[in-house]
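The primary structure of each chain is shown beneath.
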Amino acid sequence: MANKKNNNYTGRFAPSPSGPLHAGSLVAAMASYLDAKSHDGSWLVRIEDIDEARTVPGAADAITQALSIFGMRHDGEIVVQSRRKSLYQAAFDRLAGHTYACGCTRKEIADSRLATGLRFAADGAAIYPGTCRNGLGVGKIARALRLRVPEIGEQNESITFDDRWLGPLTQHLATEVGDFVLKRADGFWAYQIAVVVDDADQDITHVVRGTDLLESTGRQIYLQRLLGLPTPSYMHVPVVLNEVGEKLSKQTGAKALDLDNPLSELLRAARFLQLNIDHADSIAEFWQKAIAAWRQRFVGNDGK
Ligand code: GLU
């Protein structure tokens, strides 16, 4: 079945190989796959192993094998972030004037927050108080590299975008995020810069991922603007939580998917995405029904 590809749609699934695919990551994979397929677009897979400290050997292969058992075929080559560090360095170099070296330890940031009033981002992370913005203090050594976010009143002070699941959203960078890390104290590039470079390099037009990443979107759009890169359309779908309300992950005790019963796992993930598919006799029939249901719900007559 050689469908004609829609060149105006390229989506992606971008798992971090910190463990095998689980019920939560299957939902994210499914949503991005369904959106791409229901637009007749391309669907790419990118392994986000830039945080090498969290990468589990063998996890990337386990994820790609699971995707193939679930009948999710990707287009093009699988891109692996740990092989692309020179691209992140080149993007960082283009941000000169907006970045600075930071010598603060976590403890110092926590202590200075106590002095300047508590400020936490929505995801619970510390909002950096800007201590090293105007240069490293005496005796400090550079640890991380940060991006300065606009002050109140400056251009791009707040970032607004129209989320295809959640509707219009605005994030105020100075008060909700703060100056954020692009290169970490341990020498690894941060997710925010790698994802922006790769989404642009792979010509991603539509990002579909979990709401756990919603807090990052303002930062990513700001980076796109500074780097002169296009902003894709965003859709953040609900994330699967465990009994105590934590996002599923290996750390929070996510159970392995039953790869001997892929159809029942697919039906469960589809139910979570509120797609009404009560039954399918085969994986192929499942995808046929799921794509039709997604298309009816999310793809307008104009194909957007
Ligand atoms: N690698 C990220 C994760 O597994 C997803 C990144 C993204 O979709 O932007 O949580």
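Right above here is the structure, for reference.
The rules we used
Residues numbered from 1 in each chain as written. Predicted model: local features only at pLDDT ≥ 70, side-chain atom pairs only at ≥ 80, totals over all residues. Heavy atoms only, no water. Pairing = 2+ DSSP bridges. Helix = DSSP H or I, 4+ residues; strand = E, 2+ residues; numbered from the N terminus. Axes fitted to C-alpha atoms, helices over the stretch in contact; angles between N-to-C directions. Near = heavy atom within 4 Å. Polar contact = N/O pair within 3.5 Å; in protein donor to acceptor, adjacent residues only side chain to side chain. Areas by Shrake-Rupley, 256 points an atom, 1.4 Å probe, with all protein chains shown as cover. Nonpolar A, V, L, I, M, F, W, Y, C, P; charged D, E, K, R; others polar. Buried < 20%, exposed > 50% of the residue type's maximum accessible area, 1.4 Å probe, protein only. Right-handed = clockwise from strand over helix to strand, strands pointing away. Expected span 1.5 Å × (residues − 1). Contact = heavy atoms within 4.5 Å. Phe/Tyr/Trp six-rings, centres within 6.5 Å; stacked < 30°, edge-to-face > 60°. Core = buried A, V, L, I, M, F, W, Y, C linked by side-chain atoms within 4.5 Å.

> Explanation requested: the sheet that holds strand β8 (residues 180–183) in the structure shown.
Backbone-to-backbone hydrogen bonds join strands into a sheet, with any given pair of strands oriented parallel or antiparallel. Taking strand neighbours across the sheet as the criterion, the three strands line up as β4-β5-β8 in an open arrangement whose pairing is antiparallel. Single-partner strands in this sheet number two, and they are β4 (99–102) and β8. Averaged over all neighbouring strand pairs, the angle between strand axes comes to 45°, with direction disregarded. Where β4 and strand β5 (residues 144–147) come together, four bridges link them in antiparallel fashion.

> I'm lost on the site of the ligand in this one. Help?
Around the ligand, a shell composed of R12, A14, P15, S16, E48, Y191, V195, R209 and L213 is seen. With respect to the ligand, the backbone of A14 contributes an N or O atom lying 2.7 Å from a nitrogen atom. Burial of the ligand by the protein amounts to 82% of the accessible area it has alone, namely 300 Å². Class assignment for the residues of the shell around the ligand results in five nonpolar, one polar and three charged.

> Looking at this model, I keep getting lost on the pairing of strand β1 (residues 10–13). Mind explaining?
Side-chain positions along a regular strand alternate between the two faces of the sheet. Across the two faces of β1 the burial is the same, with T10 and R12 and G11 and F13 all buried. The pairing of β1 with strand β2 (residues 42–47) spans four bridges and is classified as parallel. Pairing of R12 across the sheet is with L44, part of β2. Each parallel crossover has a hand, and for β1 linked through helix α1 (residues 23–38) to β2 it is right-handed.

> Looking at this structure, I do not really get α1. What am I missing?
In an α-helix there are 3.6 residues to a turn, and that puts residues three or four apart on one side. Between the first and last C-alpha of α1 there are 22 Å, a value that for 16 residues agrees with the 22 Å anticipated at 1.5 Å per step. Buried residues dominate α1, accounting for 14 of its 16 residues.

> Please explain the environment of V237 as it appears in this structure.
Note that V237 resides in strand β10 (residues 233–237). A residue is classified by how much of its surface remains accessible, and V237, at 1% relative accessible area, is buried. As a C-alpha pair, V237 and D199 span 38 residues in sequence and 18 Å in three-dimensional space. Residues within four places of V237 in sequence aside, it is in contact with A31, W165, V208, R209, G210, T211, L273 and W294.

> Would you mind showing me how to read the packing of aromatic side chains here?
Counted by the stated rule, this structure contains nine aromatic pairs. Ring geometry for F13 and W43: centres 6.4 Å apart, planes at 10°, overall stacked. Placement of the pair is F13 in strand β1 and W43 in strand β2, with a sequence separation of 30 residues. Residues F13 and W43 agree in their burial class; the two are buried. Plain terms: the ring middles of W294 and F298 are 4.4 Å apart, the flat faces sit at 45° to each other, and that makes the pair tilted. With W294 and F298 both in helix α9 (residues 283–298) and four residues apart, the pair spans about one turn of that helix. An identical accessibility class is assigned to W294 and F298; each is buried.

> What is the right way to read the nonpolar core from this model?
The nonpolar side chains of a soluble globular protein tend to be buried with one another. L21, M30, L67, M72, F286, W287 and W294 are the most contacted members of the largest nonpolar core, which has 42 residues in total. Sorting the residues of this core by element identifies α1, β2, α2 (59–69), β10, α8 (262–272) and α9 as the ones contributing at least two each. Among the elements that make up this core, the one with the highest residue count is α1 (nine residues). Once residues lying within four places of it in the same chain are set aside, the contact partners of M30 are M72, L266, A269, A270, L273, F286 and W287. Counting residues in each nonpolar core, the second largest holds 28 residues, with L44, V149, I159 and L227 among its members.

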